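Reading the structure
So the chains spell out like this:
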There are 2 protein chains.
Amino acid sequence: MKKIKVNVEPESYEIFIGNGIFKNISIEIKKRKLFRSILIVIDKNVYDIYKKEIVTVFGNYNYKLEILVLEIDEKRKSFESLDKIYSKLIENKYGRDSLIIAIGGGIIGDIVGYAAATYMRGIQYVQIPTTLLAMVDSSVGGKTAVNFGETKNVIGAFYQPRLVLIDTDFLKTLSTDELVCGIGEIVKYAFITDEQYYNYFKRNIDRLFGLDEKVITKIIYQSVLFKAGVVEADEKETGIRKILNFGHTFAHAFEVEQNHRIKHGQAVIAGIICALYLSEGIGILDNIKLNEYLKFIYPMKKYINIEEPDTKKLLDIMSRDKKNKDGKIKFVLLNGVGNIAIDIEAERIQVEKAINKMKKFVE
Amino acid sequence: MKKIKVNVEPESYEIFIGNGIFKNISIEIKKRKLFRSILIVIDKNVYDIYKKEIVTVFGNYNYKLEILVLEIDEKRKSFESLDKIYSKLIENKYGRDSLIIAIGGGIIGDIVGYAAATYMRGIQYVQIPTTLLAMVDSSVGGKTAVNFGETKNVIGAFYQPRLVLIDTDFLKTLSTDELVCGIGEIVKYAFITDEQYYNYFKRNIDRLFGLDEKVITKIIYQSVLFKAGVVEADEKETGIRKILNFGHTFAHAFEVEQNHRIKHGQAVIAGIICALYLSEGIGILDNIKLNEYLKFIYPMKKYINIEEPDTKKLLDIMSRDKKNKDGKIKFVLLNGVGNIAIDIEAERIQVEKAINKMKKFVE
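Residues numbered from 1 in each chain as written. Chains lettered and ligands numbered in written order. Predicted model: local features only at pLDDT ≥ 70, side-chain atom pairs only at ≥ 80, totals over all residues. Heavy atoms only, no water.

1. What about the overall build of chain A?
Secondary structure assignment for chain A yields 13 helices and 11 strands. A compact globule built from 363 residues should have a C-alpha radius of gyration of about 21 Å, and chain A, at 20 Å, falls within 12% of that. Counting only C-alpha atoms, chain A reaches 60 × 40 × 35 Å along its principal axes. Relative to its full complement of 363 residues, chain A shows a buried share of 63%. The long-range share in chain A, meaning contacts at least 24 apart out of those at least 6 apart in sequence, stands at 75%. Taken as two groups, the 54 positive and 48 negative side-chain charges of chain A have centres that lie 3 Å from each other. (Helix = DSSP H or I, 4+ residues; strand = E, 2+ residues; numbered from the N terminus. Rg over C-alpha atoms; globule rule 2.2 N^0.38 Å. Buried < 20%, exposed > 50% of the residue type's maximum accessible area, 1.4 Å probe, protein only. Contact = heavy atoms within 4.5 Å. Lys, Arg positive; Asp, Glu negative; His and termini not counted. Charge placed at Lys NZ, Arg CZ, Asp CG, Glu CD.)

Structure, rendered in structure tokens:
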């Protein structure tokens, strides 16, 4: 098992990464003596598969314990689902000394984190991500959120978990679609971290899809380590943390424009392709590098399944993105692997061109 | 004009207290250069009276400015009202560089503060309290909240304003009922601050009700100064800040039990009476002091209009209070003026007795 410590105010917390570690969660909770009443909020898909394990792990917990099973997806990352969590807490008289454990993908993590941040002005929570996407990305960093209407993650809070437990065994029951989701973010880390990690990823992409234990643990560890470092430096995303949004201004727009029909990983890979083309289009990335990077992404393009995106609508959605001020669209772009430019404004025509080139690339 | 600086993380902010200072708000906003797009959220009752002044003050603001007029009361301190604020922000494409200005009583302040805390994970806000209650209490301290179902303030965040502007001119159009609301909190400060302030208050109670300019400014200043000191020492209410809840465990229960028909100030005065009786009942306050304090409160008892409270229901509501853990009810009690005991657990029978004595006192 690997451990990463994240140093943030007011309290640091640990991330555990390994296989077969979920069974120890109860021990870790007891060891920390931080809480007594526990509410587990779990994705229905995960619960259906792991019900037995969960009952075994928490079966002998001798204080208040409730399980809330949520059917969740991007459309249901809403105030309606949030209401269910709040209602469960209130009806069962959970006090300030309570702990919520989120078991599921990024959507469960985000919404549970937000509920924890706002219930009684903040109770503790633990993240147990079960998807590759949540493991490498959303479970770390303390960004919590819910959607409001069509606007993704527009309501939220910065709120850190007390512990993140990443058990790679959960990946064994993950669909290829869900795996691609996580790989989208990992591709992002390959671009924003450094050449070494980029090359390791390039060499091991087949083993990654094959869920090779060693490769998957190393890749999760590297991604989380990088993200934790960035979060420590800039918890509230006023500066350097923005590099984590590489490809994401486009990706969020694709998700909304495609009515959340496509997976986040697909959207991120498409978004990265757009960002690469835009970087070249505005002259900060040279053509040779662009082609090399596109070659690297080429094997993954088969997973992108975006139906005829409406470029005008995409631009409108992007101008509403919470990262933007004054209606101007700012991008995170690339000079080269590990060399990121933030807050780059681009002309509408350049953005359109980048989107159109991406469309052609994935055809 | 008096100024108080509140030193909290990540940024300190100022509180201005005086008469005729509202007209300078626009200058203060420009001086700080902290924001561009402004949303004013204002209580309909206040807007109906001060529409002309508000248009004059903000009329020449040369950037995005919208006004959202809300009909608000305790029942509407809800997710429905919150939705209206979020929708206004999203529809008008407010970004992270936005400022919300709350103009109204404590309910507007709490809900706008919560909206500011959670919109895009936090935008700036300014408090302009227009009721005595909001001036002496809720506009300072960064506690933001909304109700959920029957449970008051159960959803919220600690989030500090950038500026609080207290213009006592707003009090001139306040009803006696609303004035009593604020006086409830001031009575609390009289008990928890020190003998000097207690005696000043006792001597000047008639002038306070008469809105004597000097007395009202001094009393607001003293209350806010005391509260700001407590908030600085314990922003997140893990310790000393609890003293601000003197009388409030009872008060919140009365408000819910009476279905929000009674005003907060009434509930607080009744709650303080209960807390005094309970302090004596469990033996930490002697009988002589109890009688002296009750005599001090006596002139205000005419404002308390609680209909036959159901003691059992009150106890149930109190056990749900977010300040309590493990279903036990903890109280903030009094050894004497300026001498507060926090986290005191009391037997159910003692609590019942205190409530019954209060009922008799206000008959």
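2. Things to note about the sheet that holds strand β3 (residues 38–43) of chain B
Residues and elements named next belong to chain B. The mixed open sheet is built from seven strands, whose spatial order is β1-β2-β9-β6-β5-β3-β4. Two strands in the sheet have a free side with no partner beyond their single neighbour: β1 (2–6) and β4 (65–70). The mean angle between the axes of side-by-side strands here comes to 15°, regardless of whether they run parallel or antiparallel. Pairing analysis gives six bridges linking β3 to β4, with the strands arranged parallel. (Pairing = 2+ DSSP bridges. Axes fitted to C-alpha atoms, helices over the stretch in contact; angles between N-to-C directions.)

3. Details of the packing of helix α12 (residues 311–320) of chain A against helix α13 (residues 348–362) of chain A
All names here are of chain A. Packing of α12 against α13 brings their axes to within 10 Å, and their N-to-C directions diverge by 125°. When the axis of α12 is compared with that of α13, the two are oblique. The element α12 and its partner α13 pack so that their crossing is right-handed. Of the residues in α13, those touching α12 at Thr311, Lys312, Leu314, Leu315, Asp316 and Met318 are Arg348, Val351, Glu352, Ile355, Asn356 and Lys359. (Parallel < 35°, antiparallel > 145°, perpendicular 65-115°, else oblique. Left-handed = near helix turned anticlockwise from the far one by under 90°.)

4. Considerations on the environment of Leu294(A)
Residue and element names in this part refer to chain A. For Leu294, the position within the fold is in helix α11 (residues 287–297). Given the relative accessible area of 7%, Leu294 is considered buried. Along the backbone, Leu294 and His264 are 30 residues apart, and their C-alpha atoms lie at a distance of 19 Å. When residues no more than four places from it in sequence are discounted, the contact partners of Leu294 are Ile273, Leu276, Tyr277 and Phe361.

5. What about the domain arrangement of chain A?
Residues and elements named next belong to chain A. Looking at the assigned domains, one finds that chain A contains domain 1 (2–173) and domain 2 (176–362). For domain 1 versus domain 2, the separation of C-alpha centres amounts to 26 Å. Summing both sides of the interface, domain 1 and domain 2 together bury roughly 3100 Å²; the carbon and sulfur share of this comes to 66%. When the buried area of domain 1 at its contact with domain 2 is split by residue, Leu132, Val136 and Lys152 rank highest and sum to 20% of it. Summed over the shared surface of domain 1 and domain 2, the result is three salt bridges. Linking domain 1 with domain 2 are nine residue pairs in polar contact (both at pLDDT 80 or more). When contributions to the side of domain 1 that touches domain 2 are tallied by element, the ones reaching two or more residues are β1 (2–6), β2 (13–18), α5 (132–138) and β8 (151–158). (Domains from an automatic or database assignment. Buried area = accessible area lost by both parts, 1.4 Å probe. Salt bridge = Lys/Arg side-chain N within 4 Å of Asp/Glu carboxyl O. Polar contact = N/O pair within 3.5 Å; in protein donor to acceptor, adjacent residues only side chain to side chain.)

6. Section: the pairing of β8(A)
Residue and element names in this part refer to chain A. Counting buried residues in β8 gives eight out of eight residues, a clear majority hidden from the surface. For strand β7 (residues 143–148) and β8, the ladder comprises five bridges, and the chain directions are antiparallel. Within β8, the residue paired with Lys143 across the bridge is Phe158. Connecting β7 to the next strand, β8, in antiparallel fashion are two residues, including Gly149 with a positive phi near 60°.

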